[in-house]
Every structure is written in structure tokens, then in C-alpha cells.
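Residues per chain are reported as follows:
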Amino acid sequence: MDSSMVVHCGGCHCKRVRWKVHAAASIVVWDCNCSICSMRKNTHLIVPAERFELLGDSKEFLTTYTFNTHTAQHSFCKVCGITSFYIPRSNPDGVAVTYGCIDPGTVTHVEIKFYDGENWEDSYDASGVASCSKVLPEGSK
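Per an unreviewed UniProt entry, the protein chain is named Centromere protein V, and its organism is Heracleum sosnowskyi. Heading Sequence similarities (unreviewed entry) of the UniProt record for the protein chain holds this comment: "Belongs to the Gfa family."

Before going further, it helps to examine the packing of aromatic side chains. For the structure on display, the rule yields three aromatic pairs. Centre to centre, the rings of Trp19 and Phe52 are 6.1 Å apart; their planes meet at 40 degrees, and the pair counts as tilted. Of this pair, Trp19 sits in strand β2 (residues 18–24) while Phe52 sits in strand β5 (residues 52–54), and the two are 33 residues apart along the sequence. Its relative accessible area of 0% is what places Trp19 among the buried residues. With a relative accessible area of 15%, Phe52 lands in the buried category. Their ring planes at 20 degrees and their centres at 5.7 Å tell us that Tyr65 and Phe67 sit as a pair that is stacked. Using a relative accessible area of 27% as the deciding quantity, one classes Phe67 as partly exposed. Put simply, the rings of Trp19, Phe52 and Phe85 touch in pairs and so form one group of aromatic residues. A cation sits over an aromatic face here: Arg40 above Tyr86, 5.3 Å from the ring centre.

Take the environment of Ala126 next. Its place among the elements puts Ala126 in helix α2 (residues 120–127). For Ala126 and Tyr115, which are 11 residues apart along the polypeptide, the C-alpha to C-alpha distance reads 9.4 Å.

Thresholds applied
Residues numbered from 1 in each chain as written. Predicted model: local features only at pLDDT ≥ 70, side-chain atom pairs only at ≥ 80, totals over all residues. Heavy atoms only, no water. UniProt positions renumbered as here; feature names shortened; annotations may be inferred. Phe/Tyr/Trp six-rings, centres within 6.5 Å; stacked < 30°, edge-to-face > 60°. Helix = DSSP H or I, 4+ residues; strand = E, 2+ residues; numbered from the N terminus. Buried < 20%, exposed > 50% of the residue type's maximum accessible area, 1.4 Å probe, protein only. Lys NZ or Arg CZ within 6 Å of the ring centre and 35° of its normal.

Next comes the structure, spelled out in C-alpha cells:
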């Protein structure tokens, strides 16, 4: 897989929420079946928080929903209702951007991994998802 870093831009449907994220051009996205991801059909790329930037006045158009442990922070646009990113329970030190909300043109390859959110605790350790929000030293994979 190509590990070169690029800037992916994206946001919500009405474009009032916009962001950019630094990640590889070849990405791994997670398809989760937890109660909220399965309803939203959410497939997401998880990155370290320091590689995510909310742009312009996007913050004023956001609201947040939490449930259960209240660790995950599901942010969505107050205007169009789209969740283009959120803070996942699995990676509270990272950001999950919705794959379908990434602007076209910067992703060269997508690998889809399944996360069994219905059995969250068992899946957490087995999946390795926690490593997605860690910044690795230059040159390491």
C-alpha cells in the first residue's frame, strides 16, 4: 500500500462543515455494525487528532450527540444533518472521518475492515483499531 501522506478535504452535504485531514493516499476504512454506525451506514477513516483540522466557521454549524458511555462524540451539521466526522469510542485521541464525505481525487486505494461494534469489547482488542489514532515515527509502518 502507498503510505505517502496527502491532504484529504471533505465535509457535510451543504458544505457548511468543512475539514481537512492528513493521511495516506491509500487508506484503511472501518465498516462498523454498532447501533449508530449500522443505522447511518457509516464507514470511516480514523486518524490522530493532530492530523485533523476543522476549517473556517464550521464549528458554528455543528452539534453533538452522545449515548451509552458518552465517550464517542457524534458531531453533525445543524443544517443538513450529515455526520462527516466524529470522535470514536475506540479512538478518543483521534478523529473518524466518514469515507463518503471525503472530496474526490485524493484517495488512491481503499481497504475496508470490519469492526464488530455489536460485540464492542471483544472486537476492540482483536481488531487493532486503537492503533489508528497513534502517530508513528517517520518511516515506520
